[in-house]
Amino acid sequence: MNSSKLHINDLPILEKLYLIGMTKLEAISIIHAEIYFLSYKDRKAIRDYVEYFGESYRDRKTNLIYQTKRLTYFQALSKNCT
């Protein structure tokens, strides 16, 4: 994953990772692993959601999972860095 694929909401996380001394490549790798990697549990939640609401809602649920992961990771990072 390169930096052009990052979402605008990833920038605060990226800045925090820079502050603790990570390089750009390390920070992007961590963001990819922590946020954009969908676990089996996440994929099951998406499948269940699509089964109930229909295929057109797949992106909505995926983005909701990404947002939740972003918020959780940012809060954990903020708590540990201060």
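This text follows the structure it describes.
Calculation criteria
Residues numbered from 1 in each chain as written. Predicted model: local features only at pLDDT ≥ 70, side-chain atom pairs only at ≥ 80, totals over all residues. Heavy atoms only, no water. Axes fitted to C-alpha atoms, helices over the stretch in contact; angles between N-to-C directions. Helix = DSSP H or I, 4+ residues; strand = E, 2+ residues; numbered from the N terminus. Parallel < 35°, antiparallel > 145°, perpendicular 65-115°, else oblique. Contact = heavy atoms within 4.5 Å. Nonpolar A, V, L, I, M, F, W, Y, C, P; charged D, E, K, R; others polar. Core = buried A, V, L, I, M, F, W, Y, C linked by side-chain atoms within 4.5 Å. Buried < 20%, exposed > 50% of the residue type's maximum accessible area, 1.4 Å probe, protein only. Salt bridge = Lys/Arg side-chain N within 4 Å of Asp/Glu carboxyl O.

### Overview of the packing of helix α2 (residues 24-36) against helix α4 (residues 58-81)
Where α2 contacts α4, the two axes come as close as 9 Å, and the packing angle between them is 120°. Between α2 and α4, the angle is such that the two are oblique. Counted together, Ile30, Glu34, Ile35 and Tyr36 of α2 and Tyr66, Lys69, Arg70 and Tyr73 of α4 form the full contact between these two elements. Of the residues assigned to the contact of α2 with α4, the class counts are five nonpolar, no polar and three charged.

### Description of the nonpolar core
Core analysis: the largest hydrophobic core is formed by 16 residues, its most contacted members being Leu6, Ile13, Leu14, Leu17, Ile31, Ile35 and Tyr36. The element best represented in this core is α2, accounting for five residues. Beyond its immediate sequence surroundings of up to four residues, Ile13 is in contact with Ile31, Ile35, Arg70, Tyr73, Phe74 and Leu77.

### Regarding the pattern of salt bridges
For the structure on display, the rule yields four salt bridges. Taking the shortest distance from any N to any O, the salt bridge between Lys44 and Asp48 comes out at 3.0 Å. Placement of both Lys44 and Asp48 in helix α3 (residues 40-53) is noted, with a separation of four residues, approximately one turn of the helix. We classify Lys44 as partly exposed; its relative accessible area is 38%.

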